[in-house]
Amino acid sequence: MTRRKAGQVEFEDDLGEVVRYVRHPNGGGLVSPGARVHEGAWLAETSYVEAGAVVHDGVRVGTGSWVDVDVVLGAGVVVDRNVHLGRGTRVGARARVGSGARVGESVTIEPRAQVGADDIVRDGTTVARRGSMYGMAA
């Protein structure tokens, strides 16, 4: 069930609990009241930012993407469409995550590093800036 109040969206999750989000002024993405999103970020209307997440200035989050609990996105990060960033992940400034990528929990993506389209990055991995291999344990 979805209910809407001025700038607020509520969903009933699988456990019957009501989850609330507010629309971000740039793009209209859904933001948990427990998240911090810079006013200079842009969130596509169908993107979600969960509680505890921090989204810095100049970040762009694409359609259908999900920024999970306690994720931090540095300034100028680009998250393409249909991406999932797992709980506790850290994405450095100006990094890019390609469309359809699935990034596990507690991943570190270094500044200016790139995750390719449809890549799967395992939990606890560090993605380095140049030519790194996934699977370097953090």
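Analysis parameters
Sequence order as written defines the numbering, with residues in each chain counted from 1. Local features are withheld for residues below a pLDDT of 70 in this predicted model, meaning they are given only at 70 or higher, and side-chain atom pairs are given and counted only at 80 or more; totals for whole chains, interfaces and linings count all residues. Neither water nor hydrogens contribute to the side-chain values; these are computed over all heavy atoms in the structure. Each residue carries a pLDDT score, the predictor's confidence in it, ranging from 0 to 100. Contact criterion: two residues are considered in contact whenever any of their non-hydrogen atoms come within 4.5 Å of each other. A carboxyl oxygen of Asp or Glu within 4 Å of a side-chain nitrogen of Lys or Arg is what we treat as a salt bridge. Counting from the N terminus, the helices are the DSSP runs of H or I reaching at least four residues and the strands are the DSSP runs of E reaching at least two. Relative accessible area decides the class of each residue, using a 1.4 Å probe on protein chains only: under 20% of the type maximum gives buried, over 50% gives exposed, and in between gives partly exposed. DSSP-based pairing: two strands are paired if at least 2 bridges between them are found. Within the patch definition used here, like charges are joined within 9 Å and nonpolar side chains (Val, Leu, Ile, Met, Phe, Trp, Tyr) within 5 Å, considering only residues with over 30% relative accessible area and no salt bridge. Shrake-Rupley sampling with a 1.4 Å probe provides the accessible areas, and residues are treated as covered by the protein chains on show and by no other component. His is not counted here, nor are the chain ends, while Lys and Arg score as positive and Asp and Glu score as negative. Lysine's charge is taken at NZ, arginine's at CZ, aspartate's at CG and glutamate's at CD. Definition used in this section: a nonpolar core is a set of buried Ala, Val, Leu, Ile, Met, Phe, Trp, Tyr and Cys residues joined via side-chain atoms within 4.5 Å.

## Notes on the confidence of the model for the chain
Working step 1: In this model, the chain carries a mean pLDDT of 90, and residues with pLDDT of at least 70 account for 90%.
Working step 2: Segment residues 134-138: pLDDT under 50, and 16 contacts once partners within four positions in sequence are set aside and those in other chains are kept.

## Some points on the pattern of salt bridges
Two side chains with opposite charge may pair up if their charged atoms get near one another.
Working step 1: A complete count under the given rule lists 3 salt bridges for this structure.
Working step 2: Its salt-bridge partner being Arg20, residue Glu10 comes within 2.9 Å of it at the nearest N-O pair. Here the residue Glu10 occupies a position in strand β2 (residues 8-12), and Arg20 occupies one in strand β3 (residues 18-23), the gap between them amounting to 10 residues.
Working step 3: Relative accessible area serves as the criterion here: at 2%, Glu10 is assigned to the buried category.
Working step 4: The class for Arg20 is partly exposed, based on a relative accessible area of 40%.
Working step 5: Among the salt bridges present, the one from Asp80 reaches Arg96, with a minimum N-O distance of 3.5 Å. Taken together, the residues span a long stretch of sequence, with Asp80 in the loop between β12 (78-79) and β13 (84-85) and Arg96 in strand β15 (residues 96-97) at a distance of 16 residues.
Working step 6: By relative accessible area, which is 37% here, Arg96 ends up partly exposed.

## Thoughts on the sheet that holds strand β18 (residues 114-115)
In a beta sheet, neighbouring strands are held together by backbone hydrogen bonds and run either parallel or antiparallel to one another.
Working step 1: Across the sheet, which stays open at both edges, the 5 strands sit in the order β6-β9-β12-β15-β18 with parallel pairing between neighbours. With one partner strand each, in any of the chains shown, β6 (42-43) and β18 form the two edges of the open sheet.
Working step 2: Sheet topology places β12 next to β15; 2 bridges connect them, and they run parallel. What sits directly across from Val78, in β15, is Arg96.

## Regarding the sheet that holds strand β17 (residues 108-109)
Working step 1: In spatial order, the strands read β5-β8-β11-β14-β17-β20; together these 6 strands make up an open sheet with parallel pairing. Each edge of the open sheet is held by one strand with a lone partner, namely β5 (36-37) and β20 (126-127).
Working step 2: Taken together, the 2 bridges between strand β8 (residues 54-55) and strand β11 (residues 72-73) define a ladder with parallel strand orientation. Following the sheet pairing, Val54 is matched in β11 by Val72.

## Topic: a positive patch on the surface
Working step 1: Together, Arg94, Arg112, Arg129 and Arg130 line one region of the surface with positive charge.
Working step 2: In this structure, Arg94 sits in the loop between β14 (90-91) and β15.

## Describing the nonpolar core
Working step 1: Residues Val49, Val67, Leu73, Leu85, Val97 and Ile109 are the most contacted members of the largest nonpolar core, which totals 27 residues.
Working step 2: In contact with Leu73, not counting residues within four places along its chain, are Val54, Val55, His56, Val59, Val61, Val67, Val79, Leu85 and Val91.

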